[in-house]
Amino acid sequence: MRTLRALVAAALLCLVPAVSAHAAADFTYDFEDGTTQGWGPRGGGVSVEVTADAAHGGTSSLLTTGRTATWHGASINEPFVRGVGYTVTAYARLVSGQPSSTIALTVQRTPAGGDTTYERVAAATVTDGGWVRLSGNYLFTAESTGLQLYAESSDATGQFYLDDIVITPLGDPTREPISSDFEDGTAQDWAPRAAAVLESSTAAAHAGSRALAVSGRSASWDGPALNVLGRMAKGEKYALSVWVRLGPDTAAGKLGLSIERGSGGTPSYERVVSPKDVPAGEWVRLSGTYTLAYDVDFLSLYVESDGGTFPFYLDDFSMTYVQPKPIQTDIPALKDEVPFVMGSAFTRPDTLGVHGELLARHFNSVTPGNELKWDATEPREGEFNFADGDYLVDFAIRHGMTIRGHTLAWHSQTPDWVFQDADKELLLKRLETHVRTLVTRYKGKIKVWDVVNEVVDENQPDGLRRSKWYEIAGLDFIRTAFRVAHEADPDAKLFINDYNTEFPRKREALYALVKRLKVEGVPIDGVGHQLHLNIEQPPASSVEATIERFATLGVDQQVTELDVSIYTDFSSSYDTIPPELLVQQGHRYKELFDVFRRQAAKLSSVTVWGESDDVSWLRSWPIPRLNAPLPFDDELQAKPAYWGIVDPSRLAPLVRRLEAPAGTPKVDGKRDLEWDLLPDSPLARVGDVSAGFQARSSAKGLYLLAEVTDPTVGKDDRVTFTVDGTPYVVGRSGGPKAAVQRTATGYRVEALVGTGTDVNVTVHDSSGETVWNGKVTPVPAVKLTSAAHCAPVLDGVVDRAWSAAPEIRTGAWIQGTSGATAKVRSLWSGSTLYVLAQVADPVLSEESPNAWEQDSVEIFVDPGNGKTKGYEDDDGQYRVSFSGRVTVGGTFDAGGVKDHVQAVAKMVPGGYVVEAAIELPTIRLAEGTLLGFDVQVNDATGAARTSAVTWNDSTGRAYLDTSHWGVLRLARG
């Protein structure tokens, strides 16, 4: 063995620091030849000899005795070569009768021109009861002398055995995978961050028979950590994966994967996978990618919880280098294909390697995602940190890019000290100092600033977010931020930036604020529309309406944070994204960029929030899940979303899907109530022409409706319905089994055509055509009921007021085929909807900790009757248990609806009664108003839900999706 080692070492000494993977064989010391194989004593009086008294493998081991200091032990000279990474393993055991101690493998070396260093490679607690594995990684890059690997003990006089020492050169360690399965009974290089106890355990396993049990944690961040210094290269991407499970007696918890990096003793922390729910008894995979973007002298990855110190298990960890795919250079650059500035959000990793190449090729504007926010630039009062901001600004300048500064004042990511002990005067002083410092530093470099961010809350009477900024300083914090930014750099363009501006209520609240501030002389140059959209909602026409609305204020406009989620709700998740969703996303990008091009005179820039899917924030918000919202995929290759921007002819055809509820509307060109039960499916605008489309199914055929927006009358105006290949052409003058009526914005077409499922709707005008193409599926009629105008007493007693309201009954089973049901009535008064549910359920239970698994009534209300595949901000799911406990669902936090419900429940013979009052402040309730509406009854047996029944929605997705709810019409009397 020693001869092999000597030959390999001699070969390695001739190599330059960078060698190819697996350039050399392992160095193995098993002491089976009766010699110490190059190991000798370290320290005076120390004895190192081969013995047959104990052995891990074979018949011999290396015994160390005669120690009188902790650093005494066994050593070997120059086992490592500069620039080559190694894994080091060894087995240690104490001589019988010795007390337990820590045995460590340590490297001593003296860097050229520096002091001697001592670097821990591996360590473990060792006893005389059995062999313990020591394992770690080692790499050094500085010219050094006096290199020595040695074994030492925390017990100055302890005697110990060593055996089966293996030093494996990795070649390029940054390309070598790391894996941990804990099947050897050790922690396999994982170490606690603080007080945590780690041990290989057979109590649970994801695969095999063992996992790493983590207990004794002292904080949420305490737990298992793995040193990966030298195993990641700056600018390279790594895929990380680990399986986790909750420990004993832990009912619920969230676990995530993070990175700690350090330089010069300063630590920084980055999330790889945000803490995600880990149901009791289940293994959950945490997976993500990480790109090292800094020079570091410390690098560790670790598993942590979002709170608490509960025990958990970890198993089947892997870290693998992701070989980058070259970016495509044979496709057009995005920035060359649009009539406005094309931007991307970016961070430090996005400037490196192929990400940096992609960014420079396709974008001429960049927005630092986090590096200029308050917590990054002034974490403590007066202590400014511009390292990351300067780096990103310098990158942009080198590449000729415009820089958007994001953001000077925001309710989020602002340190607590900013508001601590602050009255209005002090808060505005702190704001002025911060704004003036940042804008002055980057004067002439950053041309556009998001001065204030997300200050509007359309649910407030005055439309303003009740942030700490507003609570202390009112509107003056906005006025001050703009004034100071303008003083610091009069040439910079100053923007107010917000999300959901494409929705009418938010749009009007922001419009009113900007108009007011402009009248006051506040130097607002522009409005930023974030546009975090999804593949379904809102329609592109809403985005266009917003741009046109703000154009009347004479301000510049920019799309500042565009992305298009493949999800329409806040809970769904795919393991693999269906290809048809990416095609749909491509057509969605096409529609949006059609709007942006039409509005280019009013829109100076469009910025996507990250250039490629792998860097998107939507991978972790609102929940950790696979998402793909951007023009380039994880490998930085062009997606359908890219082609939707650049060349829509490259997109695969979009096959849409539409349900045709049973119905028989009168074909007279008038819009019957029947059509108003559902919103129209939009046909995107082409030129000045757009349309909406609906269908109803019957034994006579398909009833079709087209609401056409076409401001000019022309001889070529027509709608062609093609059903299973048969065309039906209807001009403005009508046609067989068709009627046309002129409207304020165009014309309406109704037609009765043959039955079929393949439907094409083409609206033709001299300026072009807009098309809907897809599959139409017959479904049962949308149920309609009404609410009488009256206000009951909310006491759980069925008083006379309810007799004015018609009764409906739950009968659409979504779980089981029998169980608790309800008779339901509705009333309204002012801005309040009242709902009565009389539930037949003789056995009641709230044993389950989950509200939806208890006996309860769920009331679903969509004030706009939007029938969307997700919830909008004012859509609500209001759950009332038989004991009167209220829980509310809606968007990810139900923030717009959670305070708008009151309810009373009373048990009665054979069941219970629920009375609820739901405030609907986002619309004006009046006779004829249509609300999306449904009711669900949950029936529990013990701690489980055994049945559930609704009034209309039979999909079981009412808690995610409003599209299949029934309709409630407000009536008089």
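The structure under discussion appears in the preceding block.
Residues numbered from 1 in each chain as written. Predicted model: local features only at pLDDT ≥ 70, side-chain atom pairs only at ≥ 80, totals over all residues. Heavy atoms only, no water.

Draft legend 1. Up close: the overall build of the protein chain. Helices and strands together make up the secondary structure of the protein chain, namely twelve helices and 54 strands. Seen through its principal axes, the protein chain has C-alpha atoms that stretch 105 × 70 × 65 Å. Counting all 973 residues of the protein chain, 54% fall into the buried class. Within the protein chain, contacts between residues separated by at least 24 positions form 72% of all contacts whose residues are at least 6 apart in sequence. Looking at the protein chain as shown, the accessible area adds up to about 38,700 Å², and 49% of this sits on carbon and sulfur atoms. Treating the 91 positive side-chain charges of the protein chain as one cloud and the 125 negative ones as another, the clouds have centres 6 Å apart. (Helix = DSSP H or I, 4+ residues; strand = E, 2+ residues; numbered from the N terminus. Buried < 20%, exposed > 50% of the residue type's maximum accessible area, 1.4 Å probe, protein only. Contact = heavy atoms within 4.5 Å. Areas by Shrake-Rupley, 256 points an atom, 1.4 Å probe, with all protein chains shown as cover. Lys, Arg positive; Asp, Glu negative; His and termini not counted. Charge placed at Lys NZ, Arg CZ, Asp CG, Glu CD.)

Draft legend 2. Quick peek at the packing of helix 9 (residues 540-551) against helix 10 (residues 579-598). Put simply, helix 9 and helix 10 touch, their axes get as near as 9 Å, and they point 20° apart. The angle between helix 9 and helix 10 places the two elements in the roughly parallel class. The two elements helix 9 and helix 10 cross, and the hand of that crossing is right-handed. Taken together, the residues of helix 10 that come into contact with helix 9 (itself represented by A540, V543, E544 and I547) are R588, E591, L592, V595, F596 and R598. Class assignment of the residues belonging to the contact of helix 9 with helix 10 gives a composition of six nonpolar, no polar and four charged. (Axes fitted to C-alpha atoms, helices over the stretch in contact; angles between N-to-C directions. Parallel < 35°, antiparallel > 145°, perpendicular 65-115°, else oblique. Left-handed = near helix turned anticlockwise from the far one by under 90°. Nonpolar A, V, L, I, M, F, W, Y, C, P; charged D, E, K, R; others polar.)

Draft legend 3. Highlighting the pairing of strand 38 (residues 738-742). Strand direction decides the pairing type here: strand 38 and strand 39 (residues 746-753), joined by five bridges, are antiparallel. Its bridge partner lying in strand 39, V740 is registered against V749. Turn length for the strand 38-strand 39 hairpin, with the two strands adjacent in sequence and antiparallel, is three residues. (Pairing = 2+ DSSP bridges.)

Draft legend 4. Focus on the packing of aromatic side chains. Considering all chains together, one arrives at 30 aromatic pairs under this definition. Ring geometry for W190 against F317: centres 5.2 Å apart, planes inclined by 85°, an arrangement best described as edge-to-face. Of the two residues, W190 sits in strand 13 (residues 190-192) while F317 sits in strand 22 (residues 312-322), which places them 127 residues apart along the sequence. A relative accessible area of 5% means that W190 is categorised as buried. Judged by centre distance (6.2 Å) and plane angle (70°), the rings of W374 and W417 are edge-to-face. Pair noted here: W374 is in helix 3 (residues 374-377) and W417 is in the loop between strand 25 (402-410) and helix 5 (424-441), with a separation of 43 residues, a long-range link. (Phe/Tyr/Trp six-rings, centres within 6.5 Å; stacked < 30°, edge-to-face > 60°.)

Draft legend 5. A look at the sheet that holds strand 41 (residues 768-779). Spatially, the five strands line up as an open sheet ordered 32-41-40-36-37, and their pairing is mixed. Both outer strands of the open sheet, strand 32 (656-661) and strand 37 (726-731), are each paired with one neighbouring strand and no more. Going from strand to strand, the sheet's axes swing by 30° on average, the running direction of each strand aside. Where strand 32 and strand 41 come together, six bridges link them in parallel fashion. Along strand 41, the bridge assignment pairs L658 with V776.

Draft legend 6. Region of the structure containing helix 8 (residues 504-520). The end-to-end C-alpha distance of helix 8, which contains 17 residues, comes to 24 Å, matching closely the 24 Å that a straight helix rising 1.5 Å per residue would cover. Turning to helix 8, its buried residues number three or more, namely K506, R507, A509, L510, Y511, L513, V514 and L517. Contacts from the buried residues of helix 8 go to helix 7 (476-488), strand 27 (493-498), strand 28 (526-529) and helix 9. Following helix 8 by one or two positions, G521 adopts a phi angle in the positive range, close to 90°. (Expected span 1.5 Å × (residues − 1).)

Draft legend 7. Spotlight on the nonpolar core. W449, V452, F477, I496, L562, F593 and F596 are the most contacted members of the largest nonpolar core, which totals 99 residues. A per-element tally of this core places helix 7 first, with seven residues. Those residues in contact with W449 that lie beyond four places of it in its chain are L372, G405, H406, L408, L438, V439, Y442, A492, K493, L494 and F495. Counting 35 residues, the second-largest nonpolar core is a separate cluster that includes L226, L240, L255 and L314. (Core = buried A, V, L, I, M, F, W, Y, C linked by side-chain atoms within 4.5 Å.)

Draft legend 8. Examining the sheet that holds strand 5 (residues 73-77) more closely. Strand order in the open sheet made by the five strands is 2-5-10-7-8, with antiparallel pairing throughout. Looking along the sheet, the strands with just one partner apiece sit at the ends: strand 2 (40-42) and strand 8 (117-126). Neighbouring strand axes in the sheet, compared pairwise and without regard to direction, differ in orientation by 25° on average.

Draft legend 9. Highlighting the side chain of K373. Note that K373 resides in the loop between strand 24 (365-368) and helix 3. Beyond its immediate chain neighbours, meaning those up to four positions away, K373 contacts H406, T407, W410 and Q413.

Draft legend 10. Structural detail: the packing of helix 5 against helix 7. Two elements in contact, helix 5 and helix 7, have axes whose closest approach is 9 Å; the angle formed by their N-to-C orientations is 30°. With respect to helix 7, the axis of helix 5 lies roughly parallel. In this structure, the crossing between helix 5 and helix 7 has a hand that is right-handed. Here K424, L428, L431, E432, V435, R436, V439 and T440 of helix 5 lie close against helix 7, whose contacting residues are D476, F477, T480, A481, R483, V484, A485, E487 and A488. Split into classes, the residues belonging to the contact of helix 5 with helix 7 amount to nine nonpolar, two polar and six charged.

Read these as layout, nothing more, since geometry by itself doesn't imply function.
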